[in-house]
Amino acid sequence: MLRTLAALSCAAAAVSAFTSTPRLRATTPRRAQRTAPQMVVAEALLAGALANAPIDASRLDAPAWPTLTTAGSRVVTKEGLYGEYTVTIEETPAGLDDARSTFKSRAATKKGKNKYLGIFVVLLFGSFVIPMAQYFWYVRDTPDGLFQDNEPPPPPPAPKKFWER
């Protein structure tokens, strides 16, 4: 009797998963009070069915979880242009992700920030000053005397009127 009741409650729970009623609606406290006893009964029946389920002892020996594979390394001696050298090859299982954090800590980032700021300021200053100094160096010996005060050129003649052309 208990098994039949548990099977029916599991079937009802499975069928209710495929109903077309929207699940994303706001529940009012009144609605929650009405559905709470039904949920308690359904959960109690499901827990009873799982507690009384038979266990197959032959399946307990087989590993249910994937086995842990450890990474190994091997040392290989190779011969190159300048002689023999050894290389350590890390053998990691394919498809596994390395979840270790490779970011610097917050303190290390703040400590190195001033160094890079100084380098940035020096490069920014140099990018403006060096081309200006280089331009001055190239034009300082020009025969026209770019930086000397010469007399201004004479003004252009006055334009002729139409009938004077």
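Predicted model, so just to flag it, every value in this text is computed and none were measured.

Caption draft 1: How the structure looks around the overall build of the protein. Counting secondary structure elements, the protein contains three helices and two strands. Going from N to C terminus, the protein has its helices and strands arranged as α-α-β-β-α. Looking at the protein residue by residue over its 165 residues, the buried ones come to 4%. Look at the contacts in the protein between residues 6 or more apart in sequence, and 23% of them connect residues 24 or more apart. Put simply, the protein shows about 16,600 Å² of open surface, and 64% of that area lies on carbon and sulfur atoms.

Caption draft 2: Highlighting a nonpolar patch on the surface. Residues Leu117, Phe120, Val121, Leu124, Phe125, Phe128, Val129 and Met132 make up a contiguous nonpolar surface patch of about 840 Å² in total accessible area. Within the secondary structure layout, Leu117 lies in helix α3 (residues 106–139).

Caption draft 3: Molecular detail of α3. Given a rise of 1.5 Å per residue, 34 residues ought to cover 50 Å, and the 50 Å separating the end C-alpha atoms of α3 matches this to within 8%. Of all the bends found along α3, the most pronounced is centred on Lys113 and spans about 30°. The element α3 is largely exposed, with a buried count of three among its 34 residues. Among the residues of α3, those classed as buried are Gly112, Gly126 and Val139.

Caption draft 4: Seen up close, the pairing of strand β2 (residues 83–91). Judged from the nine bridges that link them, strand β1 (residues 72–80) and β2 form a sheet pairing that is antiparallel. Along β2, the bridge assignment pairs Glu79 with Glu84. Count of turn residues in the β1/β2 antiparallel hairpin: two residues.

Rules of the game
Residues numbered from 1 in each chain as written. Predicted model: local features only at pLDDT ≥ 70, side-chain atom pairs only at ≥ 80, totals over all residues. Heavy atoms only, no water. Helix = DSSP H or I, 4+ residues; strand = E, 2+ residues; numbered from the N terminus. Buried < 20%, exposed > 50% of the residue type's maximum accessible area, 1.4 Å probe, protein only. Contact = heavy atoms within 4.5 Å. Areas by Shrake-Rupley, 256 points an atom, 1.4 Å probe, with all protein chains shown as cover. Patch = residues over 30% accessible without salt bridge, like charges linked within 9 Å, V, L, I, M, F, W, Y side chains within 5 Å. Salt bridge = Lys/Arg side-chain N within 4 Å of Asp/Glu carboxyl O. Expected span 1.5 Å × (residues − 1). Bend = angle between axes of the 7 residues up to and from the residue. Pairing = 2+ DSSP bridges.

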